[in-house]
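The chain contents come next:
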Amino acid sequence: MEKKVGFPKIAVAVFILKGNKLLMGKRRDCVAHSYFSVPSGHLEFGESFEECAAREVKEETGLNIMKIEILKVTNNLFLDDEPNLAAHYVVILVRSVLADPNQIPQNLEPQKCDGWEWYDWENLPEPLITHFRNAIKEGFNPFQDNFKE
Ligand code: IPR
Ligand code: MG
């Protein structure tokens, strides 16, 4: 494994809830290539987690979201997802809902994602990106009303 020096990066992962479904896509040409993830992205200078969540979702899917809530802070080495590179990310897991439930997701960054689909919580696609997989092992469930640490 290539040793990578430097500091961990910070990202926000946005669980958009629609009924019992989550919006997810298969990643490409980026960290965790070919793994399934919710819309996510790097925190920019001066941003709140909620601002980052709304911006990333808009940039990647065109969707407007609301009721953004921070659910969990995760600390991840992407060793399985990046066998040749030690990517280290602190990922903030947030949930939200669509501002207008009739909105249709668009794949606005096709170089980074194969496309967005709604997936049942009971039937998630695989493989899941590291921070999501690990969070589930710890009991993470964005649909639980009382899920907050
Ligand atoms: P960008 O900012 O390009 O959307 O980042 P990303 O989709 O690669 O997400 C950040 C890291 C992941 C691993 C949560
Ligand atoms: Mg992204």
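Further up the page is the structure itself.
Residue numbering note: each chain is counted from 1, following its sequence as written. All chains are assigned letters beginning with A, and all ligands numbers beginning with 1, in the order in which they are written. Reporting of local features is limited, given that this is a predicted model, to residues whose pLDDT is at least 70; pairs of side-chain atoms are given and counted only at 80 or more, and all residues count toward the totals for whole chains, interfaces and linings. As a rule here, side-chain values cover all heavy atoms of the structure and leave hydrogens and water aside.

Student: Outline unusual backbone geometry, supporting the account with residue identities and numerical values.
Tutor: Between Glu-126 and Pro-127 the backbone carries a cis peptide bond, its omega angle lying at 0°. Secondary structure elements are defined from DSSP: runs of H or I of at least 4 residues count as helices, runs of E of at least 2 residues count as strands, and each element is numbered from the N terminus. Along the chain, the position of Pro-127 falls in the loop between strand S7 (113-120) and helix H2 (130-137). Within the chain, Lys-67 stands out as a residue other than glycine whose phi angle is a positive 55°. Secondary-structure assignment places Lys-67 in strand S5 (residues 65-78). When accessible area is computed with a 1.4 Å probe and restricted to protein chains, residues below 20% of their type maximum are described as buried, those above 50% as exposed, and intermediate ones as partly exposed. Its relative accessible area of 61% is what places Lys-67 among the exposed residues.

Student: Which residues make up helix H1 (residues 49-61), and what values do they have?
Tutor: By this rule, a helix spans an expected 1.5 Å times one less than how many residues it contains. With 13 residues, H1 extends 18 Å between its outermost C-alpha atoms, agreeing within 8% with the 18 Å of an ideal straight helix rising 1.5 Å per residue. Burial in H1 covers these residues: Cys-52, Ala-53, Arg-55, Glu-56, Val-57, Glu-60 and Thr-61. Positive phi shows up at Gly-62, right after H1, with a value of about 80°.

Student: Now, about the pattern of salt bridges: what can you tell me, with residues and values included?
Tutor: The term salt bridge refers to a pairing of a side-chain nitrogen on Lys or Arg with a carboxyl oxygen on Asp or Glu at a separation within 4 Å. Counted under the stated rule, the structure contains 9 salt bridges. The salt bridge partner of Lys-21 is Asp-120, with a shortest N-O separation of 2.6 Å. One end of the pair, Lys-21, is in strand S2 (residues 21-27); the other, Asp-120, is in strand S7, with 99 residues separating them in the sequence. Connected through salt bridges with shared partners, the residues Glu-44, Glu-47, Arg-55, Glu-56 and Glu-59 form a single ionic network.

Student: Describe the environment of Lys-58, and please don't skip the residues or the numbers.
Tutor: Within the secondary structure layout, Lys-58 lies in helix H1. Here Lys-58 falls in the partly exposed class, since its relative accessible area comes to 39%. For the pair Lys-58 and Gln-106, spaced 48 residues apart in sequence, the C-alpha to C-alpha distance is 9.6 Å. Contact definition: two residues touch when any of their heavy atoms are within 4.5 Å. Not counting chain neighbours up to four residues away, the residues in contact with Lys-58 comprise Leu-63, Asn-64 and Leu-108.

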